[in-house]
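Listed below, chain by chain, are the residues.
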Amino acid sequence: MLRRLAFTTITALLALPLALMPADQAAAQKKTLVVALNQDPDILDPSPSRTYVGRIIFAQMCEKLYEIDENLRIFPQLAADLPAISDGGKTVTIKLRPGVKFNDGTPMNAESVRYSLDRHLNMKGSNRRTELESVNSIEVVDPLTVRLKLNRPFSPLVAILADRSGMPVSPTAANKLGDKFGTAPVCVGPWQFVERISQDRIVLERSPHYFDKAAAKFDRLIFRIISDDNVRLANLRSGDIDVMHLVGPTDAANLRKEGKFEVSSVTGIAYSGLTINLRNKNGKPPHPAGDLGTPLANDPRVREALDLSIDRVALNQVAWDGQYTPGCTPISPVSPFHDKSRKCPTRDVAKAKKLLADAGLPNGYSFEMVIINDPQQRRAGEVIQGMVKEAGFNISLKPSEFASALNDNDAGKDQAFLIGWSGRVDPDANIFQFHTCGATLNTTQSCDEGVDAILNRAREVSDLAQRISLYRQAVDKFAFGRRNILYLYHANYIVSHSKSLKGYKAVPDGLIRIKGVSWQ
């Protein structure tokens, strides 16, 4: 805390001369952009990393074969074009952009892309392995062409390569650092890694090797870690930070009234929901599932009663000032895969009480729900806690720090966990790993071969209407039958910054992209 206060004070003193200048002149002289994040990312290595905030750092220094725009369209970034698909969907040929260098000055070519994909697949602890498990082999066709041979047609692959699995890393740096690569990551990007002070800041500087030098308008980017929403907001107002990530809905309304800041808000492809442990007794897969012996885990009537005791619309109004979007599936309304005909369950306390009584719990049921220990999540947890009490559920809230909460959930220590997923452009990445038997993110240890068959089929077909139909069938089974996750809402990604900052585009994946942004 002392270190953070000291840093803030020094920054304020350094800013004093700028405060005496006209705003435009001061901004023109400012070569460093300061962005405040609400959490400290995990390891900055694209292979094992798993956090949303980590993806924001990668967006500045680790570009991908493909990228998405604000309309969720996929376009080539380090690739020269969209891939050529042949052999019934089992061969994917990728042409690379010429003249690209990693931030250590070594060339990014087909061999380095082959190396990186192989590393994502085979590195110990890689969280990209299951994303790329359809890849049988990776061939270097020529210095700028890579060919992937798949074991089956796999429609989500291009979307997967528009995320961390599509990030090439410098083979020179990766071979030198081994499993320490995340301490000094080297990729392709407008900015390159400089230093990281845990729980305080991550510093990047302009790369001399990036192929589009005009895209990087700032000499340095500093990502400060400020978990407290109020402190983050105070730093924005004081000018200690230039961009505030994850502005709360109430704060966003106030900032708009003040008129000094731009406030962007976009409905995300993310979801938030209540993850219910069904059979995670000894840890998530590959650990074997076990019987928890609790009504919440073992009786679907109890989970349905819990679902019917929640008013999603009221939750959105009370906890989020009505600025988020109530939902009951993992597919956001901004996604082309969204099923517009789907109606969410409405609150029915009488039916919830009957279901509890039928389950042998006429006097109600008590359990513990883990929440992330920040003001916004505590408020959402308290609203749910009060809402379900009328139906007979007595929830005790357990606030926990983010990383610890994830670890405990992985280990099967929770009964229920109020948590979200930052969302991906293809629904496969929002569903498959959470709902298929033995999947790496299936922390509830749910397993239904019928669900697996539908989701595997949705991976193979490429027709949009057919895939929407398959996802509807799967959602019917896991969201309205099994209910191992009760989906509650889709958050808006709200970012605020000075009105002098121009060019910022809000993308529904919620990542902050500084490339092309500048002071006016």
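Cut-offs applied
Residues numbered from 1 in each chain as written. Predicted model: local features only at pLDDT ≥ 70, side-chain atom pairs only at ≥ 80, totals over all residues. Heavy atoms only, no water. Helix = DSSP H or I, 4+ residues; strand = E, 2+ residues; numbered from the N terminus. Buried < 20%, exposed > 50% of the residue type's maximum accessible area, 1.4 Å probe, protein only. Contact = heavy atoms within 4.5 Å. Areas by Shrake-Rupley, 256 points an atom, 1.4 Å probe, with all protein chains shown as cover. Lys, Arg positive; Asp, Glu negative; His and termini not counted. Charge placed at Lys NZ, Arg CZ, Asp CG, Glu CD. Polar contact = N/O pair within 3.5 Å; in protein donor to acceptor, adjacent residues only side chain to side chain. Phe/Tyr/Trp six-rings, centres within 6.5 Å; stacked < 30°, edge-to-face > 60°. Lys NZ or Arg CZ within 6 Å of the ring centre and 35° of its normal. Salt bridge = Lys/Arg side-chain N within 4 Å of Asp/Glu carboxyl O. Pairing = 2+ DSSP bridges. Axes fitted to C-alpha atoms, helices over the stretch in contact; angles between N-to-C directions. Core = buried A, V, L, I, M, F, W, Y, C linked by side-chain atoms within 4.5 Å. Disulfide = S-S within 2.5 Å.

Enquirer: Would you mind going over the overall build of the chain with me for this structure?
Expert: Within the chain one finds 17 helices and 21 strands. Seen along its three principal axes, the alpha-carbon backbone of the chain occupies a region of about 70 × 60 × 40 Å. Here the chain, with 520 residues, has 55% of them falling under the buried criterion. Partitioning the contacts of the chain with sequence separation of at least 6, the portion at a separation of at least 24 is 69%. For the chain, the accessible surface area stands at approximately 20900 Å², while carbon and sulfur atoms represent 53% of it. Across the chain, 66 positive and 57 negative side-chain charges occur, with their mean positions spaced 1 Å apart.

Enquirer: Explain helix 14 (residues 402–411) to me, please; I cannot follow it from the model alone.
Expert: Within an α-helix, residues lying three or four positions from one another point in the same direction, as the helix has 3.6 residues per turn. Here helix 14 has its buried residues at Ala 405, Leu 406, Asp 408, Asn 409 and Asp 410. On the buried face of helix 14, the contacting elements are strand 15 (365–372), strand 16 (393–400) and strand 17 (416–421). The opening residue of helix 14, the one whose side-chain oxygen lies 3.1 Å from the backbone nitrogen of Ala 403, is Glu 401. Looking one or two residues past helix 14, Gly 412 carries a phi angle of roughly 80 degrees, positive in sign.

Enquirer: Quick question: what am I supposed to make of the packing of aromatic side chains here?
Expert: The geometry of two aromatic rings is summed up by the distance between their centres and the angle between their planes. As enumerated under the stated definition, the model contains 13 aromatic pairs in all. With a centroid separation of 5.4 Å and an interplanar angle of 50 degrees, the aromatic rings of Trp 320 and Tyr 489 are classed as tilted. Residue Trp 320 is found in helix 11 (residues 312–320), and its partner Tyr 489 is found in strand 18 (residues 485–490); the two are separated by 169 residues along the sequence. In this structure, Trp 320 and Tyr 489 share a single accessibility class: buried. The positively charged end of Arg 119 is found above the aromatic ring belonging to Phe 181, 4.9 Å away from the centroid. Over the face of the ring belonging to Phe 432 we find Arg 459, whose NZ or CZ atom lies 3.4 Å from the ring centre.

Enquirer: Any chance you could explain the pattern of salt bridges here in plain terms?
Expert: Opposite charge on two side chains makes pairing possible when the charged atoms of those side chains draw close. Following the criterion strictly, the structure yields 35 salt bridges and no others. Glu 460 is the partner of Arg 457 in a salt bridge, and the nearest nitrogen-oxygen pair spans 3.6 Å. In this pair, Arg 457 and Glu 460 both sit in helix 16 (residues 449–460), 3 residues apart, roughly one turn of the helix. When its relative accessible area of 32% is taken as the criterion, Glu 460 is described as partly exposed.

Enquirer: Hey, could you run me through the pairing of strand 5 (residues 91–95) in this one?
Expert: Successive side chains on a regular strand alternate, one facing one side of the sheet and the next facing the other. Of all the 5 residues making up strand 5, 4 are buried; the element is thus mostly covered by neighbouring parts of the structure. Where strand 4 (residues 84–86) meets strand 5, 3 bridges bridge the pair, whose relative direction is antiparallel. Looking across to strand 5, one finds that Ser 86 is bridged to Thr 91. Between strand 4 and strand 5, which pair antiparallel in sequence order, lie 4 residues; one of them, Asp 87, sits at a positive phi of approximately 55 degrees. Here 5 bridges tie strand 5 to strand 7 (residues 145–150), and the two strands are oriented antiparallel to one another. The partner of Thr 93 across the bridge, within strand 7, is Arg 147.

Enquirer: Would you mind showing me how to read the sheet that holds strand 6 (residues 135–142) here?
Expert: Sheet strands pair by backbone hydrogen bonding; their relative direction is either parallel or antiparallel. Taken in spatial order, the 4 strands line up as 4-5-7-6 in an open sheet, and their pairing is antiparallel. Of all the strands in the sheet, the pair left with one neighbour each is strand 4 and strand 6. Each strand of the sheet is rotated relative to its neighbour by a mean of 20 degrees, with strand direction disregarded. Lying over the sheet, helix 4 (residues 110–122) contacts strand 6 and strand 7, oriented at roughly 170 degrees with respect to strand 6.

Enquirer: Help me understand the nonpolar core in this model?
Expert: If you look at soluble globular proteins, the nonpolar side chains tend to sit buried side by side. By size, the foremost hydrophobic cluster in this structure holds 74 residues, and its most contacted members are Leu 33, Ile 94, Leu 148, Leu 161, Phe 218, Phe 223 and Ile 514. Of the residues forming this core, the biggest block, 6 residues, is contributed by helix 3 (residues 52–61). Ignoring sequence-local partners within four residues, the contact set of Leu 148 consists of Lys 90, Thr 91, Val 92, Ile 94, Leu 117, Ser 137, Ile 138, Leu 157 and Leu 161. If you look at the next biggest cluster of nonpolar residues, it comprises 37 residues, including Ile 310, Ala 319, Val 383 and Met 387.

Enquirer: Help me out: how do you make sense of the environment of Tyr 487 in this one?
Expert: Looking at the element boundaries, Tyr 487 is found in strand 18. Under the relative-accessibility criterion, Tyr 487 is labelled buried at 1%. When the C-alpha atoms of Tyr 487 and Gln 199 are compared, they prove to be 30 Å apart, with 288 residues separating the residues in sequence. Leave out the neighbours within four places in its chain, and Tyr 487 touches Tyr 271, Ser 272, Gly 273, Arg 312, Gly 327, Cys 328, Thr 329, Pro 330, His 435, Phe 478 and Ala 479. Among the polar contacts listed, one links the side chain of Tyr 487 to the side chain of His 435, at a separation of 2.7 Å.

Enquirer: Is there a simple way to explain the pairing of strand 19 (residues 492–498) in this structure?
Expert: Counted residue by residue, strand 19 has 6 buried out of 7 residues, so it is predominantly covered. Relative to strand 19, strand 11 (residues 243–244) runs antiparallel, the two being bridged by 2 bridges. Considered in strand 19, the bridge of Val 243 is made with His 497.

Enquirer: Help me understand the state of the cysteines in this model?
Expert: When the sulfur atoms of two cysteines share a covalent bond, that bond is a disulfide. Under the counting rule described, the total for this entry stands at 3 disulfides. With a sulfur-sulfur separation of 2.1 Å, Cys 62 is cross-linked through a disulfide to Cys 187. Disulfide Cys 62 to Cys 187: torsion about the S-S bond roughly 60 degrees, handedness right-handed. Of the two residues, Cys 62 sits in the loop between helix 3 and strand 2 (66–68) while Cys 187 sits in the loop between helix 6 (171–177) and strand 8 (191–197), which places them 125 residues apart along the sequence. Judged by relative accessible area, which is 2%, Cys 62 ranks as buried. Two residues share a disulfide in this structure: Cys 328 and Cys 344, whose sulfurs sit 2.2 Å from each other. Between Cys 328 and Cys 344, the disulfide has an S-S torsion of -90 degrees and is therefore left-handed. Placement of Cys 328 in the loop between strand 14 (325–326) and helix 12 (349–358) and of Cys 344 in the loop between strand 14 and helix 12 is noted, with a sequence separation of 16 residues between them. A relative accessible area of 4% places Cys 328 in the buried class. Taken in sequence order, the bonded cysteines of the chain link in the pattern 1-2, 3-4, 5-6.

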